[in-house]
Amino acid sequence: MKRHFALVALAAMIFFGCNSEKKAEMADYAAADTVSADLSSTDTATEKMTKTADMRFRVKDVQQTKQKLSETLKKQDGLVMEFSINSAVKDTEKVKFSADSLQEITSYTTDGYLTARIPAEHLDEFTNAIAGMAVFVDNQSLKMEDRSLAYVENKLKAENRQQAVTQINKVASKKSPNVQSALSLKDDYVDRKIQNLAIDQQVKYSTITLNFYQDNTVKTMIVANDNIFDYKPSFFRRLGLNLTDGWSYFKELVLFLSKLWMFFSTGLIAFFIIRYYTKKKHAKVIIPPTGN
């Protein structure tokens, strides 16, 4: 009897286990069908192709080329995002041009950098216009990237997070609200939407980076003479001024020495006194010669 009950219990466990596995499998199938339905409802046929281009080219005049590029971009509904012009001095020299001026000779290079966004359908036309401005093109490249799957991924994940926030809000009305989870999901939802907006902008507007330069340029200009020596008077004028200054110095010396007349007089008197006593002393020590 006990054996009979054990067999019945085992059969019941197997039956319920099979039912649970079947329910789980059906739930997986339902989830897969839901994702498939979401994918089928998404416009996957729309391509999200982004284009980025780079060009480096030589021009006759960097500043004029920049103006032409701006005009061409404006005509084609483009927008300059970044721009700069830099000049690097290679060599400079100053030579005398006149008594008070110099001729400055400078050799320098100039290069320009421009980043622009232009409607994707006008990109080829714009690059062709650039080729017409260039003396020659050093290099040119174009990169295309398919962002379709990333766009679909962001869209589906954003929808999932929106549904999850709705479910959390329903539960929160009956139980304690999970504010942190709701905020995190909402922020992620916003991030996905922003990423897709960025992809739409990248698809609509292509980005192109331009590096252009010109040959070494030599420029001359007249500048003021900054050599102080060249502004000194002529030789004879300086000679006359020096003689005049010498006479002035001599007079000043005489005037200075005249202040010391007492010292000179005292010294002169002392000299004669010492000389007198010195001669007298020598006269005393002289022995007269003795005759044979």
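Worth saying up front: this structure is predicted, and the values here are computed from it rather than measured.

Caption draft 1: Spotlight on the overall build of the protein. A count of helical and extended segments in the protein gives 7 helices and 6 strands. Reading the secondary structure of the protein in the N-to-C direction produces α-β-α-β-β-α-β-α-α-β-β-α-α. Looking at the protein as a whole, 18% of its 292 residues qualify as buried. Carbon and sulfur atoms make up 59% of the accessible area of the protein, which amounts to about 22200 Å² in all.

Caption draft 2: Region of the structure containing the pattern of salt bridges. Within the structure shown, the criterion is met by 2 salt bridges. The salt bridge involving R56 is made with D138; its shortest N-O contact spans 3.5 Å. Taken together, the residues span a long stretch of sequence, with R56 in strand β1 (residues 49–58) and D138 in strand β4 (residues 136–146) at a distance of 82 residues. Residue classification places D138 among the partly exposed residues on the basis of a relative accessible area of 32%. With its nearest N and O atoms 2.3 Å apart, the salt bridge here joins R58 to D215.

Caption draft 3: Fine view of the side chain of S206. Relative to the helices and strands, S206 is located in strand β5 (residues 205–213). Owing to a relative accessible area of 0%, S206 belongs among the buried residues under this scheme. In this structure, S206 is in contact with K51, A116, R117, I118, A120 and L123, ignoring residues within four places of it in sequence.

Caption draft 4: Structural detail: unusual backbone geometry. In this model, D77 sits at a positive phi of 60°, which is unusual for a non-glycine residue. Along the chain, D77 falls in the loop between α2 (62–75) and β2 (79–98). Accessibility expressed as a relative area gives 55% for D77, which makes it exposed.

Caption draft 5: Broad picture of the nonpolar core. F57, F126, I130, I208, L210 and F212 are the most contacted members of the largest nonpolar core, which has 17 residues in total. Listing elements by their share of this core, those giving two or more residues are β1, α2, β3 (101–119), α3 (123–133) and β5. Residue contacts for F126: discarding those within four places in its chain leaves L69, T72, L73, Q76, I118, I208 and L210.

Procedures and definitions
- Residues numbered from 1 in each chain as written.
- Predicted model: local features only at pLDDT ≥ 70, side-chain atom pairs only at ≥ 80, totals over all residues.
- Heavy atoms only, no water.
- Helix = DSSP H or I, 4+ residues; strand = E, 2+ residues; numbered from the N terminus.
- Buried < 20%, exposed > 50% of the residue type's maximum accessible area, 1.4 Å probe, protein only.
- Areas by Shrake-Rupley, 256 points an atom, 1.4 Å probe, with all protein chains shown as cover.
- Salt bridge = Lys/Arg side-chain N within 4 Å of Asp/Glu carboxyl O.
- Contact = heavy atoms within 4.5 Å.
- Core = buried A, V, L, I, M, F, W, Y, C linked by side-chain atoms within 4.5 Å.

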